[in-house]
Amino acid sequence: MQAVIQTARCVLALWAGKCLLWLLPTFKLGQGTTVPGRVARLLAPRLLSWLGQQAPQHTLIITGTNGKTTTAGVLVSILKAANWHVACNPLGANMLNGIATGLIRSASLFGNLNHLKKRLSQPTAWVLEVDEANVRLLATEMPIRYALVTNLFRDQLDRFGELDTTAAWIRQGLERCQLSEGQLFLNASDDRVAALASVTDSTHVTGYTVLPLADTASPPDLLTLIPSRFEQAKPVSINDSLNPSKLFALNKAFQIDSHAGLGFTGHWVGSGESFSIPLAGTFNVWNAIAAATVAQQWGVSAEAIQQGLHQYQGVFGRADTRTLHGQTVQIFLIKNPMGTQEVLRGVVATQPAVVLLALNDNDADGRDVSWIWDAPFEWLTTLPPATHVVCSGQRAEDMALRLHTIGLKKLTVELNLQKAVEQALALNTDSGKPLIMLPTYTALTTLDQQVLPAFSSNP
Amino acid sequence: MSDCSKPHLTPSLNLVHLYPEAMNLYGDRGNVLTLYQRAHWRGWTVTITEVSVGDVINPNAADIVFMGGGQDSQQHTIAHDFLTVQASPLKAAIENGAVMLGICGGYQLLGHWFDPLDGERINGLGLLDVTTTGGTQRLIGNVVIDVADKGFIKGAHLKNVLGTTTLVGFENHSGQTTLGPKARPLGTIVKGNGNNGHDGTEGAVQTLGQGLLLGTYLHGSLLPKNPHLADALLAHVLRRQQPNAVLPPLDDNLAWQAHQKALLLTP
């Protein structure tokens, strides 16, 4: 009787969630990426574990400080190209409520998550992007046999305290997973991530790495004379340093061979199998290779992997190009020093005439803006002196001060994001170059939901 | 024909950055960059020396020594080197007239000791009369302090162009620091927690010989948004070389805009 009541409660909560999924976007009350899950879980606290009973063998969680959303997006694209049935939590909603929302969206009215399968034999996967602090919570709600950790860079330290704490939380989460029935995928070039290999037997760990182009530029010393102290993704040799303590049974290394337009080409070391990654930014090669490593382990063909990479539609702001008033606009999320370094590498390569930086300090951005002093904005000094930088967002002054301190001259401070975009577009007219926008997370959301739609509707 | 009225004396700044790799958690590079640029813009000769494990501070080439904060694990890796190899040359440099600025972990290691919540006491250098104990709650957020009447550097003009005596920054620490009788607070809390969240003080200042020790939990980075503090340190360096010289002003419009913004932030 108790079980029947529980199930009924979960079904009712599911219906409530589904109603909100329809209501919120319809009445423009938000994108509905977390609220439906939150309300449903309030109504039925056991909802997630009830839906979690259906977790397939191929249930993968993706965690780490950077690249979760893109890695999950690329993997879903690959699996769909290979004709898998996939459930996921899109749009970076990666706490328990966001994950619940994703499952509510995929479930039938009675909670069946397999009802849309084309045939019984169609392979099924759940690909769940999980916040670093939520892994240990999710792992108690459902059986997880596959996990991937992208990296542990400095990110939102004011939220979690320190990277070692974040690593410890992920470790606790991984210990609650059933990795001995699956596989743990780890970025082998990130020492903190690689150390997580000890949570399970080495035969259940796959390390992956990306070997950069030989001539990849390092940050210029320039007038600061202060050597940039970034831990670059270290080029590692497959035979020795990658596998020092036999932590990994299998290693996958991808060698970048060339830049191709906005993307890259390269090959797997060993098999020599090559493919192209049509995404801007070296960091996206890491994301794509992480996804490809999982897909290969799951038996997806090289053709489907290549096809999935080409069909991947960038999540807004993670690698986004659009047209505004006839100008090409490229938008990249910035949020921490390491990710920003990779973004700036790409920005400098495109030699833009105008860059718009939007620095907010809401909780989702990190309230502490000191990270901008650790990101190598010095690279912008290699652009021609005529390059304009428009600084916007709640902490526009801090951003402008950062650039002033390294000697940039053509700086504009405009706190209002709408006006800042107008100015940047005006400055960029006739430049023939893409306008680069580098917003932090909530500035990106404002751009996406309020500012840019206004420009598209009033050309 | 050149005007040969006076020999032109170029001030010099020897800036020592201690453990730039291990102790660089919260934008500490911004402090070094700001000191560098503010001296460079005024035509000084600037040398930055990075001292890591394996190097030794040269007490004769250290006008300002800076040390930032690190993660606990990184702090452990440098603590031994700091307390053994660097201790006596650092002390000599300060007694000679150098300014030592320690932020967060750098501040704690200048004190007598740090007692973590779990684990054994970690000894500090003991040059600054402060002690730190681990707290159960991390003190995180925006901070505003008032340094009025502290006079921590003789003659330093902290009544800046805005007529304020505030310092702004961001704190993120679980250690709670208490000052002994020899140390004075850097300032009093206007917003935020400061040294320990209950006695209303932030940071510590103490003289040693001709020199000075400054410790604080403020990052953000500290010096870019507080150009008057950066200049107070540079003025101390300048006075040792040219007793009557004054620092020429710089265009600090953006720095003050950022400072003003920070005054308005919620803690």
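Participant: Lay out the overall build of chain B in plain terms, naming residues and giving numbers.
Facilitator: Helix and strand counts for chain B come out as six helices and 12 strands. Relative to the globule expectation of 18 Å for 267 residues, the C-alpha radius of gyration of chain B, 18 Å, shows essentially globular dimensions. Principal axes of the C-alpha set define a box for chain B whose edges measure 70 × 45 × 30 Å. Buried positions account for 57% of the 267 residues belonging to chain B. Taking as baseline every contact in chain B between residues at least 6 positions apart, the subset at least 24 positions apart corresponds to 74%. As displayed, chain B has an accessible area near 10700 Å², and 52% of this comes from carbon and sulfur atoms. In chain B, the 17 positive side-chain charges and the 21 negative ones have mean positions that sit 8 Å from each other.

Participant: Break down the confidence of the model for chain B for me, citing the residues and quoting the values.
Facilitator: All names here are of chain B. A residue-level look at chain B finds 91% of positions with pLDDT of 70 or above and a mean pLDDT of 88. Per-residue pLDDT stays below 50 along residues 1-7; that stretch engages in zero contacts with residues further than four places along the chain or on separate chains. Under the prediction, the complex receives an ipTM of 0.94, its pTM being 0.70.

Participant: Please give an account of helix α1 (residues 28-40) of chain B that cites residues and values.
Facilitator: Residue and element names in this part refer to chain B. Here α1 contains 13 residues, and its C-alpha end-to-end distance of 19 Å stays within 8% of the 18 Å for a straight helix at 1.5 Å per residue. Counting buried positions along α1 gives 12 out of 13 residues, so the element sits mostly inside the fold. For α1, the set of buried residues is Asp-28, Arg-29, Gly-30, Asn-31, Val-32, Leu-33, Thr-34, Leu-35, Tyr-36, Gln-37, Arg-38 and Ala-39.

Participant: Requested: an account of the packing of helix α13 (residues 396-405) of chain A against helix α6 (residues 253-264) of chain B, with residues and values cited.
Facilitator: Closest axis-to-axis distance for the α13 of chain A/α6 of chain B pair is 8 Å, and the angle between their directions is 150 degrees. With respect to each other, α13 of chain A and α6 of chain B are oriented roughly antiparallel. As α13 of chain A runs across α6 of chain B, the sense of the crossing is left-handed. On the side of α13 of chain A, the interface is formed by Glu-397, Asp-398, Ala-400, Leu-401 and His-404 of chain A, while α6 of chain B contributes Leu-254, Ala-255, Gln-257, Ala-258 and Lys-261 of chain B. The residue makeup of the contact of α13 of chain A with α6 of chain B, split by class, is five nonpolar, two polar and three charged.

What counts, and where the lines are drawn
Residues numbered from 1 in each chain as written. Chains lettered and ligands numbered in written order. Predicted model: local features only at pLDDT ≥ 70, side-chain atom pairs only at ≥ 80, totals over all residues. Heavy atoms only, no water. Helix = DSSP H or I, 4+ residues; strand = E, 2+ residues; numbered from the N terminus. Rg over C-alpha atoms; globule rule 2.2 N^0.38 Å. Buried < 20%, exposed > 50% of the residue type's maximum accessible area, 1.4 Å probe, protein only. Contact = heavy atoms within 4.5 Å. Areas by Shrake-Rupley, 256 points an atom, 1.4 Å probe, with all protein chains shown as cover. Lys, Arg positive; Asp, Glu negative; His and termini not counted. Charge placed at Lys NZ, Arg CZ, Asp CG, Glu CD. pLDDT = per-residue confidence, 0-100. Expected span 1.5 Å × (residues − 1). Axes fitted to C-alpha atoms, helices over the stretch in contact; angles between N-to-C directions. Parallel < 35°, antiparallel > 145°, perpendicular 65-115°, else oblique. Left-handed = near helix turned anticlockwise from the far one by under 90°. Nonpolar A, V, L, I, M, F, W, Y, C, P; charged D, E, K, R; others polar.

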